[in-house]
Amino acid sequence: MNATLPTRRLGTLEVSALGLGCMGMTDFYGAADPDTAVRTIREAVDLGVTLLDTADVYGPHTGEELLGKAVAGRRDQVVLATKFGLRRGAGNSWLGVDGRPEYARECCDASLRRLGVDHIDLFYLHRVDPDVPIEETAGALGELVAAGKVGHIGLSEASEATVRRAHAVHPLSAVQSEYSLWTRDAEGGLLATLRELGIGFVAYSPLGRGFLTGTLTSPEALAEGDYRRTTPRFQPENFTTNLTVIEPLQRLARDRGVTPAQLALAWLLSRGEDIVPIPGTKRPAYLRENAEAARLHLGEAELAAVGRAVSPQETAGGRYPEHRMGELDG
């Protein structure tokens, strides 16, 4: 019998308070072990995690295939979220963003085949295409809903203005953006806009791509091919600074008898009932640790202390390399 986790709503879509980000299961974080990844996903479902998040660009394509294999026979127990709009070419080269309506339809059909399902619960535009009016993309996504191929739609890394324009064409259920103790850009106005419109927020990289766990001690420990080696916050000159930035969080965790990851996730969950973090992991042990954060109750003073423990202003380095920052809307 499956365990349960508290639930939350993304618009009208009910999901577990914590989801599972599946990006690193086939790509980006060094060598992948598909068998372990499948076991991890299945254990997540056993723990009560219902929201499983992937994208066609992960792999590319193998992420969706792996997720489809993992949930075969358990479709009614999960909420499948996938994304389209980022394109990769030969040698994993980046080909840019594509939000054209015809591409949305093509990607949806391909994702359905790879996932082995007849509908996608939550279908996101992965990045906003500056060359395609968002109204056109949202209209195409709305047509996919009307056709029964998609249940709910969302955007990823979209500005408040873009969200309003898309939502006016077809209701959005969720907007996904990076949000954690050291990345709080969403608090600048996006969250207020989403709450005004009744749209949920999905927080990716809620553990700072693993940095906030306190388990990383050197950039040299990252596997060859781990994309974090190319990101600013993990560069040697910034890595050392950021180890100092998270020290207060580690002290609080030791005093509380929990892990830094659990504190970071509990803090994020406290920011609103409409926020659903999707920490990613390839290891069942970390999966179980993260799930316990959904049951961790912190008092107001503790939450305030956690919020002060990591300073975004003191964090060294940007979220992405400069050329990738240009893909972020607004």
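Scroll up for the structure.
Along each chain, residues carry numbers from 1 onward, in the same order as the chain's sequence is written. Owing to the predicted nature of the model, reporting of local features is limited to residues with pLDDT of at least 70; listing and counting of side-chain atom pairs is limited to 80 or more, with chain, interface and lining totals taken over all residues. Here the side-chain values reflect all heavy atoms present in the structure, with hydrogen atoms and water set aside.

### Points about the pattern of salt bridges
Here comes step 1: A pairing counts as a salt bridge when a side-chain nitrogen of Lys or Arg comes within 4 Å of a carboxyl oxygen of Asp or Glu. In this structure the tally under the stated criterion is 25 salt bridges.
Here comes step 2: Across the pair E196 and R164 runs a salt bridge, and its minimum N-O distance is 2.7 Å. On the criterion of sequence distance, the pair formed by E196 in helix 6 (residues 190–197) and R164 in helix 5 (residues 160–169) is long-range, its members being 32 residues apart.
Here comes step 3: The exposed category is assigned to E196, whose relative accessible area is 53%.
Here comes step 4: When accessible area is computed with a 1.4 Å probe and restricted to protein chains, residues below 20% of their type maximum are described as buried, those above 50% as exposed, and intermediate ones as partly exposed. Under the relative-accessibility criterion, R164 is labelled partly exposed at 36%.
Here comes step 5: Measuring nitrogen to oxygen at the nearest pair gives 3.8 Å for the salt bridge that ties R229 to E224.
Here comes step 6: For R229, a relative accessible area of 33% corresponds to the partly exposed category.
Here comes step 7: One connected set of salt bridges, linked through shared partners, spans E157, E178, D185, R209 and R319. A run of H or I in DSSP counts as a helix once it spans at least four residues, and a run of E counts as a strand once it spans at least two, with each numbered from the N terminus.

### Details of the packing of aromatic side chains
Here comes step 1: Note on ring pairs: Phe, Tyr and Trp rings are taken, using the six-membered ring of Trp, and paired if centres are within 6.5 Å. Classes follow the plane angle, with under 30 degrees stacked, over 60 edge-to-face and the rest tilted. For the structure on display, the rule yields 11 aromatic pairs.
Here comes step 2: Taking the centre distance of 6.3 Å and the plane angle of 55° together, the rings of F84 and Y103 count as tilted. Of this pair, F84 sits in strand 5 (residues 79–84) while Y103 sits in helix 3 (residues 101–115); the two residues are 19 residues apart in sequence, bridging distant segments of the chain. Comparing F84 with Y103 shows no difference in burial state: the two are buried.
Here comes step 3: With a centroid separation of 5.7 Å and 90° between ring planes, the pair formed by Y179 and F201 is classed as edge-to-face. Taken together, the residues span a long stretch of sequence, with Y179 in the loop between strand 10 (174–178) and helix 6 and F201 in strand 11 (residues 200–204) at a distance of 22 residues.
Here comes step 4: What makes F201 buried here is its relative accessible area of 1%.
Here comes step 5: Through a chain of ring-to-ring contacts, the aromatic side chains of F28, Y29, Y58 and Y227 assemble into a single cluster.

### Some details on the pairing of strand 2 (residues 13–16)
Here comes step 1: Any two strands between which DSSP finds at least two bridges are classified as paired. Here strand 1 (residues 7–10) runs beside strand 2; their pairing, made up of four bridges, is antiparallel. Within strand 2, the position partnered with L10 by the bridge is L13.
Here comes step 2: Remark: two residues form the turn of the hairpin made by strand 1 and strand 2, two consecutive strands paired antiparallel; G11 in that turn has positive phi of roughly 65°.

### Regarding the nonpolar core
Here comes step 1: Nonpolar cores are built from buried Ala, Val, Leu, Ile, Met, Phe, Trp, Tyr and Cys residues. Side-chain atoms within 4.5 Å join them into one set. In this structure, L20, I41, L52, V163 and F201 are the most contacted members of the largest nonpolar core, which totals 86 residues.
Here comes step 2: The greatest single-element share of this core, amounting to eight residues, is contributed by helix 9 (residues 260–269).
Here comes step 3: What makes two residues a contact is simply this: any of their non-hydrogen atoms within 4.5 Å. Beyond its immediate sequence surroundings of up to four residues, V163 is in contact with L155, A158, L172, V175, L190, L194, L197 and I199.
Here comes step 4: The next biggest cluster of nonpolar side chains, apart from the first, holds 22 residues, and it includes F28, L51, L86 and V202.

### A word on the environment of P312
Here comes step 1: Considering the arrangement of structural elements, one finds P312 in the loop between helix 11 (300–309) and helix 12 (322–325).
Here comes step 2: For P312, a relative accessible area of 24% gives the class partly exposed.
Here comes step 3: The contacts of P312, once residues within four sequence positions are left out, are L181, W182 and R184.

### Some words on unusual backbone geometry
Here comes step 1: The peptide bond linking G59 to P60 adopts the cis configuration, its omega dihedral lying at -10°.
Here comes step 2: Inspection of the secondary structure puts P60 in the loop between strand 4 (51–53) and helix 2 (62–71).
Here comes step 3: Residue F28 is not a glycine yet carries a positive backbone phi of 75°.
Here comes step 4: Looking at the element boundaries, F28 is found in the loop between strand 3 (20–21) and helix 1 (34–46).
Here comes step 5: The backbone of H61 shows a phi angle near 80°, a positive value even though the residue is not glycine.
Here comes step 6: For H61, a relative accessible area of 36% puts it in the partly exposed group.

### Details of the environment of P248
Here comes step 1: Summarising the element assignment, P248 is placed in helix 8 (residues 247–256).
Here comes step 2: For P248, a relative accessible area of 26% translates into the label partly exposed.
Here comes step 3: Along the primary structure P248 and E302 are separated by 54 residues, whereas in three dimensions their C-alpha atoms are 13 Å apart.

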